[in-house]
Amino acid sequence: MLCDSRGQDRVNSFALVAYIPDPLRRFLDDLRRELVPGCVPAAHVTILPPRPLSGTVEEAIETIRTRLPEFSPFEIETGEVTVFPISDVVYLGIREGADRLRRMHPAFNIGPLEFKEMFPFHPHITLAQNLTSKQAQELAAVATRRWSEYPYPRVFPVEALSFVQNTSSNLWVDLAHFQLEPAAPVRR
């Protein structure tokens, strides 16, 4: 295990995410702390859910860097609060932009990052997890009420991706950041 600058033991669990900007980030982080006291949130959309690497961190970063030019910045419009029926995860759905995330997932799920996930990839923003069915329904009701009170736009840009690693304390550490570049104009 590697140790990060805060003394946390790093584990072989990595993810590729897009962080959500303010003011939505602040709202979602506050909501997540309300739903799951003690949680240390960093509102994000996951492109590659947590997975072990089959190669080195450097190889994984190079794989991401190689595939990055295939994707340009885009917007995500959030949807409604929902619960995954099998895992009882409370999440915020994605209305617009989910198709782009679905294209990104297999493009980056290759080489040292390749991993067969337990569930089919479903773009979303996690609000609460590791719950019983009853807890999930109760927290979804709270989240739905809070979400209905959110006064700002429910659309945000995805302009960068972050490659992150988990620790034994379930705190995620940023390893690399990648800017999405606008598509080059087509010349005729």
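A brief report on the enclosed structure follows. (Residues numbered from 1 in each chain as written. Predicted model: local features only at pLDDT ≥ 70, side-chain atom pairs only at ≥ 80, totals over all residues. Heavy atoms only, no water.)

## Overview of the overall build of the protein
Looking only at helices and strands, the protein has 4 helices and 9 strands in total. On C-alpha atoms alone, the protein measures out to a radius of gyration of 17 Å, which is about the 16 Å that the 2.2 N^0.38 rule sets for 188 residues. Seen along its three principal axes, the alpha-carbon backbone of the protein occupies a region of about 50 × 50 × 30 Å. Of the contacts formed within the protein by residues at least 6 apart in sequence, a portion of 73% connects residues at least 24 apart. For the protein, the accessible area works out to roughly 10,500 Å², and carbon and sulfur atoms hold 53% of it. Counting 20 positive and 23 negative side-chain charges, the protein places the averaged centre of each group 3 Å from the other. (Helix = DSSP H or I, 4+ residues; strand = E, 2+ residues; numbered from the N terminus. Rg over C-alpha atoms; globule rule 2.2 N^0.38 Å. Contact = heavy atoms within 4.5 Å. Areas by Shrake-Rupley, 256 points an atom, 1.4 Å probe, with all protein chains shown as cover. Lys, Arg positive; Asp, Glu negative; His and termini not counted. Charge placed at Lys NZ, Arg CZ, Asp CG, Glu CD.)

## Overview of the sheet that holds strand β6 (residues 125-128)
Ordered by their spatial adjacency, 4 strands build an open sheet running β6-β5-β4-β7, and the pairing between neighbours is antiparallel. Edge positions in the open sheet fall to β6 and β7 (155-158), since each of these has one partner strand only. Neighbour-to-neighbour, the strand axes of the sheet open up by a mean angle of 40°, direction not taken into account. In terms of strand pairing, strand β5 (residues 90-96) meets β6 through 3 bridges, oriented antiparallel. Within β6, the position partnered with Leu-92 by the bridge is Ile-125. Packed onto the sheet, helix α3 (residues 98-108) meets β4 (74-83) and β5 and runs at close to 95° relative to β4. Its contacts with the sheet place helix α4 (residues 133-148) against β4, β5 and β6, and it is angled at close to 135° to β4. (Pairing = 2+ DSSP bridges. Axes fitted to C-alpha atoms, helices over the stretch in contact; angles between N-to-C directions.)

## Things to note about the side chain of Ser-13
Here Ser-13 is to be found in strand β2 (residues 9-19). You can call Ser-13 buried: its relative accessible area is 15%. If sequence neighbours within four positions are ignored, Ser-13 has contacts with Pro-50, Arg-51, Val-164, Gln-165, Asn-166 and Trp-172. (Buried < 20%, exposed > 50% of the residue type's maximum accessible area, 1.4 Å probe, protein only.)

## So, helix α2 (residues 57-67)
Note on helix geometry: an α-helix contains 3.6 residues per turn, so any two residues three or four positions apart are oriented the same way. Taken together, the buried positions of α2 are occupied by Ala-60, Ile-61, Thr-63 and Ile-64. Down the axis of α2, the sector holding all buried residues measures 155°, keeping them to one side. Looking at α2, the residues exposed on the side facing more than 90 degrees away from the buried face are Glu-58 and Thr-66. The inward-facing, buried residues of α2 contact β2, α3, β8 (160-167) and β9 (173-179). (Arc of directions from axis to C-beta.)

## A word on the side chain of Asn-109
By secondary structure assignment, the location of Asn-109 is in the loop between α3 and β6. At 2.9 Å, the side chain of Asn-109 forms a polar contact with the backbone nitrogen of Phe-115. (Polar contact = N/O pair within 3.5 Å; in protein donor to acceptor, adjacent residues only side chain to side chain.)

## Concerning the nonpolar core
In terms of nonpolar packing, the biggest core is built from 51 residues, with Val-90, Phe-108, Leu-161 and Phe-163 touching the most fellow members. Per element, the largest residue contribution to this core is 6 residues, and it comes from α4. If near-sequence neighbours (up to four positions away) are discounted, Val-90 is found in contact with Val-81, Thr-82, Val-83, Ile-125, Thr-126, Leu-127, Ala-128, Leu-131, Ala-136, Leu-139 and Ala-140. (Core = buried A, V, L, I, M, F, W, Y, C linked by side-chain atoms within 4.5 Å.)

So yeah, pure geometry; function would need other evidence.
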